[in-house]
Amino acid sequence: MKIKFLLMLTGIFFLLNSCSKEDNIVANSLETPVANAAKDANDAGFRAKWNYVSHAKSYLLDVSTSENFSTFVPNYNAKEVTDLNEVVVGLTGGTQYYYRVRAKNETETSGYSNVISVVTTGSSNVPEDPAFLKVKANKLANPFFIGMAIKASQLTTGSPYDIILKNEFSSISAEYEMKMDQISTASGVYNWTVADKIVAYGNSNTINVHGHALVWHNSVPQWLKDFSGTDAEFKAEVKKYITDVVTHYAGKVKSWDVVNEAVDDNGGAMRNTIFLQRMGASYVKDCFQWARDAAKAAGDNSLLLFYNDYATSTNAPKQDKVFSIVDDLKASNLIDGLGFQMHNNYLNPTKAQIQTDLNKAVAKGLKIHVSELDIQVNQSNDISTFTNERRLAQKAKYKEIVQLYNALPAANKYALTVWGMKDNESWIPYSTELNHPGNDWPLLYDSNFAIKSAHTGFLEGLD
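None of the values given here were measured: they were computed from a predicted structure.

Draft legend 1. Expanded view of the nonpolar core. Ranked by internal contacts, the top residues of the largest apolar core, which has 103 residues, are Y283 and F458. For this core, the element with the highest residue contribution is helix 9 (residues 283-297), accounting for eight residues. The residues touching Y283, leaving out its near neighbours within four places in the chain, are V215, V259, A262, M270, T273, F275 and L276.

The structure is reproduced here in structure tokens:
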């Protein structure tokens, strides 16, 4: 009996000892630190900051000029710091830097924190202006919408996307989720769920909703591609779709791109799409007529109808063809505005080319929507990091475009819409249409939601 009792006590001892060791391991496990926005940026440095981590004895600070930390600033490769901030010195003015930290104790090192970007000041740079875009635009004598292309997954309340959208933007366009192949699942059968979420978000937050797009050759649902009925029956299906969608969103969506990219890039001809093949040369006009009729039938007499296309500033035959379509629609009172996509780069189109393009639309009495704005800086894949030179060139190009738009007559202004929020989520590096060979940084925010010089350029264009 005594032996059994001793064995039992021994078992309890080992069990308690084991639990104690496990508890100790958990207690001493280092959390990943959270890095905070930099402070006190100047020509030669800044103050990096981060939150306290329990059980950490010190922190390892990395500073780099590349977001992926492929290289390190001298003396800042895992530099050990015992405080919760460090003044980083010896840097170059007017340059973008990135920093991250890890927590450390005697036996353990945590994972990397989030990455923070910061630009040093200098003769080639001033601190980025943190003012909100829509706030500044609304103070103009002739204000207009400041828009962004969004995805439904970004609209979670309290997310960084949600906060930025509500602070900065007065209009939204669905990047893809309001196109035909996303809504139409069969003849007369619709999946409204995602599109409804986008529209409800805009309506509930007093944000204008621009519909994009009713008809586009790259968003034809499979059932319509495979449609075996007559051409007249095909045409009736397209009419039904446009009518049902415009009716469903009557009073909720304030404008629509009715037809998107109907003109070919070569020779100024109509693009040879399934709509042209099965509905004939008048299909664009037909689509606008159906949209107008549906809006009126639903009591929505203020719906604005746009035609939307790209590369008209640099392609004169294409520009001429677009405006010939516009003239025909205008004569029948079927069009209100023209969308200029402006997927530009930091070199092209020139200011004069953009000005000429916009002036033609003004002469037609159209509202102008810069509908899909982004500015590439690496279209030739000649840089591997976002250089200071390209950063400033992009900033200047954003400023130029916004200035040109802001100078338009009040009656012709509708919205300036940036095509996406963060560089790392832009469509550009992955586009088969552009055949883009590498990385790019085309938007107003970096991958960590920090404003870039492009954002400051946009603001300066509103002056």
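So, next bit.
Draft legend 2. Up close: the packing of aromatic side chains. Following the criterion strictly, the structure yields 15 aromatic pairs and no others. Arranged with centres 6.4 Å apart and planes meeting at 70°, the rings of Y176 and W216 form a pair that is edge-to-face. Of this pair, Y176 sits in the loop between strand 9 (171-174) and helix 4 (180-183) while W216 sits in strand 12 (residues 208-216); the two residues are 40 residues apart in sequence, bridging distant segments of the chain. Overall, the relative accessible area of 29% leaves Y176 in the partly exposed class. Considering the side-chain rings of F386 and W441, the 5.5 Å spacing of their centres and the 10° angle between planes classify their relative orientation as stacked. Of this pair, F386 sits in the loop between strand 17 (367-376) and helix 12 (388-406) while W441 sits in the loop between strand 18 (413-418) and helix 13 (453-461), and the two are 55 residues apart along the sequence. Classification of F386 by relative accessible area gives buried; the value is 9%. By relative accessible area, W441 is classed as buried at 7%. Feature note: the residues Y190, W192, Y241 and Y249 constitute an aromatic cluster, connected by ring pairs. A cation over a ring is seen here: K318 above Y310, with NZ or CZ 3.4 Å from the ring centre. The cationic tip of K422 hangs over the ring face of F449; the distance from NZ or CZ to the ring centre is 4.3 Å.

Draft legend 3. Structural view of the pattern of salt bridges. Scanning all chains against the criterion turns up 24 salt bridges. Notably, a salt bridge pairs E175 with K151, separated by 2.8 Å at the nearest N-O pair. Taken together, the positions of E175 in the loop between strand 9 and helix 4 and K151 in the loop between strand 8 (145-150) and helix 3 (160-168) put the pair 24 residues apart, joining distant regions of the chain. Taking relative accessible area as the criterion, E175 reaches 15% and is therefore assigned buried. K397 is paired through a salt bridge with E400; the nearest N and O atoms lie 2.8 Å apart.

Draft legend 4. Just helix 7 (residues 231-248), in detail. The first and last C-alpha atoms of helix 7 sit 26 Å apart over 18 residues, in line with the 26 Å expected at 1.5 Å per residue. Taken as a whole, helix 7 has its buried residues at F234, E237, V238, Y241, I242, V245 and V246. All buried residues of helix 7 lie within an arc of 150° about the axis, which places them on one face of the element.

Draft legend 5. Spotlight on unusual backbone geometry. Geometrically, the link from H212 to A213 is a cis peptide bond, its omega value of -5° lying close to zero. Look at the link from N348 to P349: it is a cis peptide, with omega at -5°. With a phi close to 60°, A311 is a non-glycine residue in the positive phi region. Along the chain, A311 turns up in the loop between strand 14 (304-309) and helix 10 (316-331). Its relative accessible area of 36% is what places A311 among the partly exposed residues. Even without being glycine, N333 reaches a positive phi, approximately 55°.

Draft legend 6. The arrangement of the sheet that holds strand 1 (residues 35-39) in detail. Here we have three strands laid out as an open sheet, ordered 1-2-5, and antiparallel in their pairing. Edge positions in the open sheet fall to strand 1 and strand 5 (85-88), since each of these has one partner strand only. Between one strand axis and the next, the sheet turns by 20° as a mean value, whatever way the strands run. Bridging between strand 2 (residues 46-50) and strand 5 involves four bridges; their strand directions are antiparallel. Bridging from a neighbouring strand, A48 pairs with E86 of strand 5.

Draft legend 7. The arrangement of the side chain of E261 in detail. Here E261 is to be found in the loop between strand 13 (255-260) and helix 8 (274-279). For E261, which is buried and forms no salt bridge, the nearest opposite charge comes from R271, at a distance of 4.7 Å. A distance of 2.8 Å separates the side chain of E261 from the side chain of Q341, its partner in a polar contact. If we ignore the near neighbours within four places in the chain, the residues touching E261 are W216, H217, R271, Y307, N308, D309, Y310 and Q341.

Draft legend 8. How the structure looks around the sheet that holds strand 6 (residues 96-104). Taken in spatial order, the four strands line up as 4-3-6-7 in an open sheet, and their pairing is antiparallel. Strand pairing shows two members of the sheet lacking a second neighbour, strand 4 (79-81) and strand 7 (116-119), which therefore form its edges. Direction aside, the axes of adjacent strands within the sheet are offset by 35° on average. Summarising the sheet, strand 6 and strand 7 pair through four bridges and their orientation is antiparallel. Looking across to strand 7, one finds that Q96 is bridged to V119.

Draft legend 9. Just the pairing of strand 6, in detail. Burial runs high along strand 6: eight of the nine residues are buried. As paired elements, strand 3 (residues 58-64) and strand 6 share seven bridges and run antiparallel to each other. Bridging across to strand 6, V63 finds its partner in Y99.

Reading the values: the criteria
- Residues numbered from 1 in each chain as written.
- Predicted model: local features only at pLDDT ≥ 70, side-chain atom pairs only at ≥ 80, totals over all residues.
- Heavy atoms only, no water.
- Core = buried A, V, L, I, M, F, W, Y, C linked by side-chain atoms within 4.5 Å.
- Buried < 20%, exposed > 50% of the residue type's maximum accessible area, 1.4 Å probe, protein only.
- Helix = DSSP H or I, 4+ residues; strand = E, 2+ residues; numbered from the N terminus.
- Contact = heavy atoms within 4.5 Å.
- Phe/Tyr/Trp six-rings, centres within 6.5 Å; stacked < 30°, edge-to-face > 60°.
- Lys NZ or Arg CZ within 6 Å of the ring centre and 35° of its normal.
- Salt bridge = Lys/Arg side-chain N within 4 Å of Asp/Glu carboxyl O.
- Expected span 1.5 Å × (residues − 1).
- Arc of directions from axis to C-beta.
- Pairing = 2+ DSSP bridges.
- Axes fitted to C-alpha atoms, helices over the stretch in contact; angles between N-to-C directions.
- Lys, Arg positive; Asp, Glu negative; His and termini not counted.
- Polar contact = N/O pair within 3.5 Å; in protein donor to acceptor, adjacent residues only side chain to side chain.

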